[in-house]
Amino acid sequence: MPAEHQDDVLVRDEEHIERQEIVAFRVGSKARRMCGAGGLFVKRVVATAGDKVSFRDGVVYVNGARLHERSANGPTTPGEEGAEVHVPANHIFVLGDNRAQSCDSRVWGPLAVRKVVGVAFAIQRGSRKIPLP
């Protein structure tokens, strides 16, 4: 059943992007090709420059520590990028909260920070503003 209203994601400019923030970003050509979609994506930051991301038994690890994710829906498989990814300078590693349906950094790799439009802080649904955690 289609949604009755279109949701708008409200973002703010942010110089420093941190883990667990939700970001809106422009999709690059590799993501367009591999995901079959373009425009703006919205995903959660799980790692920043210099971090090492790995996957074991459906769980995400950052720098060897298990990531405890309240918002993730379902197990996390490694995807195209492999079982271990080093996040380069000026990049972040993003994952969708709905892991089974998400085309994210597991598929097209770390995201260049320059593609980030802003950090999401709320969803506008009609006249209702829903704050993001």
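Calculation criteria
- Residues numbered from 1 in each chain as written.
- Predicted model: local features only at pLDDT ≥ 70, side-chain atom pairs only at ≥ 80, totals over all residues.
- Heavy atoms only, no water.
- Helix = DSSP H or I, 4+ residues; strand = E, 2+ residues; numbered from the N terminus.
- Buried < 20%, exposed > 50% of the residue type's maximum accessible area, 1.4 Å probe, protein only.
- Contact = heavy atoms within 4.5 Å.
- Pairing = 2+ DSSP bridges.

## Examining the side chain of Asp 51
Working step 1: Its place among the elements puts Asp 51 in the loop between strand 3 (40-48) and strand 4 (52-56).
Working step 2: Of the residues examined, Asp 51 reaches a relative accessible area of 7% and is grouped as buried.
Working step 3: Dropping the residues within four chain positions of it, Asp 51 is found in contact with Arg 19, Val 62, Asn 63, Val 85, His 86 and Val 87.

## Quick word on the sheet that holds strand 4
Working step 1: Strand order across the open sheet formed by four strands is 6-5-4-7, with antiparallel pairing between neighbours. At either margin of the open sheet sits one strand with a lone partner, and together these are strand 6 (65-66) and strand 7 (84-86).
Working step 2: Bridge count for strand 5 (residues 59-62) against strand 6 is two bridges, and the pairing is antiparallel. Of the residues in strand 6, the one forming a bridge with Tyr 61 is Arg 66.

## A look at the side chain of Glu 21
Working step 1: Topologically, Glu 21 is positioned in the loop between strand 1 (7-12) and strand 2 (22-26).
Working step 2: Here Glu 21 falls in the buried class, since its relative accessible area comes to 16%.

As far as function goes, none of this settles anything; it's purely spatial.
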